[in-house]
Amino acid sequence: MISTPPLKALQLNLGFSSFVGTNQRVFSRGFVGINGNKSWRHSMFLSTKPVLKDGSLSFSGMDALTSVPDNVVLTPFTNSSAFVGATSTEASSRHVFKFGEIRDVRLLSLFRFKLFWMIPRFGNSGSDIPIETQMLLMEARERPNSKEPSYILFLPLLDGDFRSSLQGNSSNELEFCVESGDPAIITTESLKAVFVNCGNHPFDLMKESMKILEKYTGTFTHREDKQIPGMLDWFGWCTWDAFYQDVNPQGIKEGLKSLSQGGTPAKFLLIDDGWQDTINEFQKEGEPNVEGSQFGGRLASIEENSKFRRTDTGVQNEAPSSLKDFVSEIRSSFGLKYIYVWHALMGYWGGLAPNAPGTRKYNPQLRYPVQSPGTLANKWDLSLDSMEKYGVGTIEPDKAHQFYDDLHSYLVSQGVDGVKVDGQNILETIAAGLGGRVSLTKKFQQALEKSIASNFQDNSIICCMAHGTDALYHSKTSGITRASDDYYPKNPSTQTLHIAAVAFNSIFFGEFVVPDWDMFYSKHESAEFHAAARAVGGCGVYVSDKPGHHDFEILKRLVLADGSVLRAKYPGRPSRDCLFNDPVMDGRSLLKIWNLNRCTGVIGVFNCQGAGIWHCMETTIQPKVSAELSVKVSPADIEYFEEVSGKQWTGDCAVYSSKAGFLCRVSKEESFDITLKILQCDVLTVSPIKVYSEEIEFAPIGLLNMYNSGGAVESIDSIRDSSNTEIRIKGRGGGNFGAYSSTKPKSCSVNLKTEGFNFKSEKHLLTCLQKVERGKSNMSYAYLFKYIIIGDTGVGKSCLLLQFTDKRFQPVHDLTIGVEFGARMITIDNKPIKLQIWDTAGQESFRSITRSYYRGAAGALLVYDITRRETFNHLASWLEDARQHANANMTIMLIGNKCDLAHRRAVSTEEGEQFAKEHGLIFMEASAKTAQNVEEAFIKTAATIYKKIQDGVFDVSNETYGIKVGYGGIPGPSGGRDGSSSQAGGCCG
Ligand SMILES: Nc1nc2c(ncn2[C@@H]2O[C@H](COP(=O)(O)OP(=O)(O)OP(=O)(O)O)[C@@H](O)[C@H]2O)c(=O)[nH]1
Ligand SMILES: [Mg+2]
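What counts and what doesn't
Residues numbered from 1 in each chain as written. Chains lettered and ligands numbered in written order. Predicted model: local features only at pLDDT ≥ 70, side-chain atom pairs only at ≥ 80, totals over all residues. Heavy atoms only, no water. UniProt positions renumbered as here; feature names shortened; annotations may be inferred. Helix = DSSP H or I, 4+ residues; strand = E, 2+ residues; numbered from the N terminus. Buried < 20%, exposed > 50% of the residue type's maximum accessible area, 1.4 Å probe, protein only. Contact = heavy atoms within 4.5 Å. Pairing = 2+ DSSP bridges. Axes fitted to C-alpha atoms, helices over the stretch in contact; angles between N-to-C directions. Salt bridge = Lys/Arg side-chain N within 4 Å of Asp/Glu carboxyl O. Donors = N, O, S within 2.8 Å, 3.2 Å for Na, K, Ca; no water. Near = heavy atom within 4 Å. Polar contact = N/O pair within 3.5 Å; in protein donor to acceptor, adjacent residues only side chain to side chain. Areas by Shrake-Rupley, 256 points an atom, 1.4 Å probe, with all protein chains shown as cover. Nonpolar A, V, L, I, M, F, W, Y, C, P; charged D, E, K, R; others polar. Parallel < 35°, antiparallel > 145°, perpendicular 65-115°, else oblique. Arc of directions from axis to C-beta. Phe/Tyr/Trp six-rings, centres within 6.5 Å; stacked < 30°, edge-to-face > 60°. Lys NZ or Arg CZ within 6 Å of the ring centre and 35° of its normal. Core = buried A, V, L, I, M, F, W, Y, C linked by side-chain atoms within 4.5 Å. Disulfide = S-S within 2.5 Å.

- As named in an unreviewed UniProt entry, the protein chain is galactinol--sucrose galactosyltransferase, taken from Rhamnella rubrinervis.
- Recorded under Function (unreviewed entry), the UniProt text for the protein chain is reproduced unchanged: "Intracellular vesicle trafficking and protein transport."
- As stated in UniProt under Subcellular location (unreviewed entry), the record for the protein chain gives "Cell membrane".

Rendered as structure tokens:
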């Protein structure tokens, strides 16, 4: 098996004869020096209740805050956690309570610098805790130089109708703010405003705290218990930065086509803002652009606009007849698996048009957003400013579910699979008179999630502009939320901020959802930086390239030939030693992001220094940054590594640098230096070296050509007999597979076929190339037909294939082991058709393997040898297998091979014809040696299949028939619509 289907099996036969010493260390260029200064950490939970006594909030005797005012109330909860609140003498809709003085700690705050977006802030005093902080992590040490720090987590919560946030002040104090968002909703106290917890493992602490809160509040669900949409595993394309609001059907087709032709087909499409039916009284067509006026646009109906639906019969109108038609056409032409569209939480930026016939029934009322003092104190935002000016046509809360249900069921009727829902945090600004921010958010969130669940199949929603805790703590089912501000391709100073912000935000978001890293351009100066981040982010991978503007070198390191991506297991987060260092502005720290795959760990290293300034820190003096910075990297940076290391682990790891292309062996305690220039990055695969027999130590790296190489390794196990150890690796994709091996293998095979391999004994690097087909040939066909060749051993099956694909004859019987593969393009009815041919082994012992290839074949060549009667006698048994395991409509061509050997003939032509007639087969005698009838046999089979398609025998959207629809027969962007391509559904490999 070579490129598709994606499952691969690599077997290595490692013998003892060529054993090479295992303890020899090899260090590559790029890794400077090895340090044994790290120790392996184990998680441990503290079991001392937090105590508030004599004005000090302490955990296990260690003070977290001092000078805690008397009105602060602590309610112990679990062994290490508590709720904190406060009382006031006056009732108000907003209180700011003093919490206490900060001790000698390091701080990480995640705060909203704008209503819609959150970023990190680092520091060690009260003034380093910005207003609107939604998560605060403190690192404290019991004694000044104690080795193991403790972490104290502060999570401001929702308490009744009130929502809390944290902030610090210049007197080195921590404060918390509780507010209802409605002047009429007032209180004198909030007793469970903040949750505090303490532990010595920051990631366990975070997760345990969220699990406790999930159970306690009952308002949200932890990521681990949510259904995660399938589109995350497939490469995507979003239309936003390709077209902005000018998105149109023709442009979408061009983009999908150029990505497919380059060899990285998009399987997920997101049609962003620009498809909806909107009206805008603040920006008239033809008038000069008014900045921000797009946010005054309002939804006029739930249906698509005239770019996506032909509204008149005028000949000039090139629009598809409906969204449904367009969706169905692109799905079948480009093999799209998921098509999502964008909408705002309120329908559109400016909400619903109050008086439009299509929206009137949701009773929209114009409301003018009012920000809380918290978000007002931070950064001005154009979108919000515009919405404040133009107002938001707010759906009547009791009609929210009806609106979402109408919209989503309409989209489903058009073939759309899911939605991205933007602008979610707007609710907190329009909640006055509507029950306050907490209850309004809850109402809309429930209405939205209910509609997603009842209309879409796959929990298909991406939440966006939803960084407020009002929404997060009501996230019951939504599985993906954008974790960053927008990607701004034209702004060089935000690229590093983007990566750092998502990594840090993921510490918090990653507990609720799979953080979404947003789109990027593959052809851009920071493209590799973004690509590497997506590779370790455990997130979806989607670009927003303009059609034809792609860097396929970069994309091919993220996307396999079938359009899938190697997604790591967890939300990618900063390593423990990075948690309190500012990777953007301290002038020294590099950012390390850790993750795990099924069998390996991975670390992304990013130099984010010197290229940008954090929001709200514009006046901070920046230190001088040197051209290159170094950081220590160790296997110990990867949390939960025990999930992949297992029992046979030597304690050492094979580390492969995707940037330097080098392999080295380090122990779990060791670290090495990585040096990077500004905006440079590296992705390191860290694979546990395991013992497979006394002498063999082995670690798979995966596909060396991919950023997340180890993501391609799905499982590894071994079989051992007296003289051999066979290591079996199941993986995905094609390309150069690499592994660390202490000894040179005797042989190496891919899907049972022996392959050549390369072994660099001094580096212990074993590589084996698995050919991969990509690009034009992959997609530029009208149809792809899968064939299988069957028949007894030695009848000439492989020779027939070789003659057909390579026009060569192989005189020696090269026994086929398992299944081999070949492909060629042919033309039928002026349509390019790709034949993908599986050549099976005739030997009886492979019969069970062969059987698994019948399913999914559109055609079969059943071959016998006219000089050997027994091969003819066995036809009945082959046919029986085919009838049992293949689909009923499979076209079977019977071939009497070796007709050049007429003098040794044992089966007459008539007998062959008769057998074919009796069993409904096509028949031909052929010779793989002289090529007589070889072309004809393959082409006639294809012509028969093609005819069956024309006759409607197959549902071509169902891949089990062995037929895929490509777009080769469909005209490109400049052509008109192809009346003959009436195929619906279908999927391209
Ligand atoms: N004269 C002649 N010899 C042929 C022809 N086709 C195949 N052979 C020979 O027959 C032998 C077997 O051919 P293969 O194509 O390897 O047979 P196979 O059916 O693939 O066998 P398995 O892989 O074991 O199932 C080889 O020695 C070929 O050279 C042909 O048309 N004419
Ligand atoms: Mg063969």
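1. Regarding the overall build of the protein chain
- The number of helices and strands found in the protein chain is 20 helices and 51 strands.
- By principal-axis analysis of the C-alpha atoms, the protein chain measures approximately 110 × 80 × 45 Å.
- Taken across its 989 residues, the protein chain has 62% of its residues classed as buried.
- Across the protein chain, contacts joining residues at least 24 apart in sequence account for 75% of those joining residues at least 6 apart.

2. Some remarks on the pairing of strand S14 (residues 162–168)
- Burial analysis of S14 places 7 of its 7 residues in the buried class, which makes it a mostly covered element.
- The alternating pattern of S14 places Phe162, Ser164, Leu166 and Gly168 on one face and Arg163, Ser165 and Gln167 on the opposite face, and all of these are buried.
- Across 6 bridges, S14 lies against strand S15 (residues 173–179) in antiparallel orientation. Its bridge partner lying in S15, Ser164 is registered against Val178.
- The antiparallel pairing of S14 with S15 creates a hairpin that spans 4 residues between the two strands, and Asn172 there sits at a positive phi of about 65°.

3. Here's the deal with the sheet that holds strand S17 (residues 236–238)
- If you trace the 8 strands from one edge of the open sheet to the other, you get S27-S26-S25-S24-S21-S18-S17-S28, paired in parallel fashion. The sheet is open, and its two borders are formed by strand S27 (514–516) and strand S28 (542–543), each paired with just one other strand.
- Bridge count for strand S18 (residues 268–271) against strand S21 (residues 338–344) is 4 bridges, and the pairing is parallel. Bridging across to S21, Ile271 finds its partner in Val341.
- Packing against the sheet, helix H7 (residues 400–413) makes contact with S21 and strand S24 (418–422), and its axis sits at approximately 150° to S21.

4. What about the pattern of salt bridges?
- Applying the stated criterion across every chain yields a total of 50 salt bridges.
- For Arg112, the salt bridge identified is with Glu428, shortest N-O distance 3.0 Å. Remark: Glu428 occurs in the loop between S24 and helix H8 (436–455) and Arg112 occurs in strand S9 (residues 105–112); sequence separation between them is 316 residues.
- Among the residues examined, Arg112 registers a relative accessible area of 0% and is labelled buried.
- With a shortest N-O distance of 3.8 Å, Glu628 and Lys677 are connected by a salt bridge. Taken together, the residues Glu628 in strand S32 (residues 628–633) and Lys677 in strand S35 (residues 671–677) connect sequence positions 49 residues apart.
- Look at Lys677 and you get partly exposed, because its relative accessible area is 42%.

5. Describing the coordination of the magnesium ion (ligand 2)
- Ser798 (OG) and Thr816 (OG1) make up the full set of protein donors to the magnesium ion (ligand 2), lying at 2.0 Å. Residue Ser798 is located in helix H15 (residues 797–806), and its partner Thr816 is located in the loop between H15 and strand S46 (819–828); the two are separated by 18 residues in the primary sequence.
- A residue is classified by how much of its surface remains accessible, and Ser798, at 26% relative accessible area, is partly exposed.

6. Thoughts on the site of ligand 1
- The immediate surroundings of ligand 1 are formed by 25 residues, with Thr793, Lys797, Gln810, Gly842 and Ala928 found nearest.
- In the environment of ligand 1, an oxygen atom lies 3.0 Å from a nitrogen or oxygen atom belonging to the backbone of Gly796.
- Within the contact set of ligand 1, an oxygen atom lies 2.7 Å away from a side-chain nitrogen or oxygen of Lys797.
- Protein contact buries 93% of the 650 Å² of open area that ligand 1 shows by itself.
- It is H15 that contributes the most residues to the shell around ligand 1, 3 residues altogether.
- For the shell around ligand 1, a count of residues per class yields 9 nonpolar, 10 polar and 6 charged.

7. Details of the packing of helix H3 (residues 249–261) against helix H4 (residues 323–334)
- Contact pair H3 / H4: the axes reach a minimum separation of 11 Å and the direction vectors enclose 10°. The orientation of H3 with respect to H4, classified from their angle, is roughly parallel. Residue-level contacts link Pro249, Ile252, Lys253, Leu256, Lys257 and Ser260 of H3 to Phe326, Glu329, Ile330 and Phe334 of H4.

8. Observations concerning the packing of helix H10 (residues 495–512) against helix H11 (residues 527–537)
- Between H10 and H11, the shortest axis-to-axis distance is 10 Å and the interhelical angle comes to 10°. It follows that H10 is roughly parallel to H11 by the angle criterion. In this structure, H10 contributes Gln495, Thr496, His498 and Ile499 to the contact, and H11 contributes Phe529, His530, Ala533 and Arg534.
- Looking at side-chain class alone, the contact of H10 with H11 contains 3 nonpolar, 4 polar and 1 charged residues.

9. Digging into helix H6 (residues 382–390)
- Taken residue by residue, H6 has Ser383, Leu384, Ser386, Met387 and Tyr390 as its buried positions. Axial view of H6: buried residues confined to an arc of 160°, hence all on one face.
- Elements in contact with the buried residues of H6: strand S20 (298–304), strand S22 (365–367) and strand S23 (392–394).
- The first or second residue beyond H6 is Gly391, which carries a positive phi of 80°.

10. Considerations on the packing of aromatic side chains
- All chains considered together, the criterion is met by 40 aromatic pairs.
- Judged by centre distance (5.2 Å) and plane angle (75°), the rings of Phe77 and Tyr216 are edge-to-face. One end of the pair, Phe77, is in the loop between strand S6 (72–76) and strand S7 (82–92); the other, Tyr216, is in helix H1 (residues 202–217), with 139 residues separating them in the sequence.
- The class for Phe77 is partly exposed, based on a relative accessible area of 35%.
- Plain terms: the ring middles of Phe954 and Tyr961 are 5.4 Å apart, the flat faces sit at 55° to each other, and that makes the pair tilted.
- Through successive ring pairs, a cluster of aromatic residues spans Phe220, Tyr473, Phe508, Phe509 and Phe512.
- In this structure, Lys192 is placed above the aromatic ring of Phe83, and the distance from its NZ or CZ to the ring centre is 5.4 Å.

11. Structural notes on the nonpolar core
- Formed by 172 residues in total, the largest nonpolar core has its most connected members in Leu155, Phe508 and Phe606.
- Residue contributions to this core peak at 11 residues, all from H10.
- If sequence neighbours within four positions are ignored, Phe606 has contacts with Ile499, Phe529, Ala532, Ala533, Val536, Leu590, Leu591, Ile593, Leu676, Gln680 and Cys681.
- Within the second largest apolar cluster, 36 residues are counted, among which are Ala782, Met893, Phe938 and Ile949.

12. Thoughts on the environment of Phe938
- The topology assignment puts Phe938 in helix H20 (residues 934–950).
- Put simply, Phe938 and Gly896 are 42 residues apart on the chain and 14 Å apart in space, counted from C-alpha to C-alpha.
- With residues near it in sequence (within four places) discarded, Phe938 still touches Tyr787, Ile789, Leu800, Leu801, Phe804, Leu835, Ile837 and Leu861.

13. Re the state of the cysteines
- One pass over the full model with this rule turns up 0 disulfides.
- Cys539 takes part in no disulfide bond, and the closest cysteine sulfur, belonging to Cys681, lies 14 Å away.
- We classify Cys539 as buried; its relative accessible area is 1%.
- In this structure Cys799 is a free cysteine whose sulfur lies 14 Å from that of Cys899, the closest cysteine sulfur available.
- For Cys799, a relative accessible area of 15% corresponds to the buried category.

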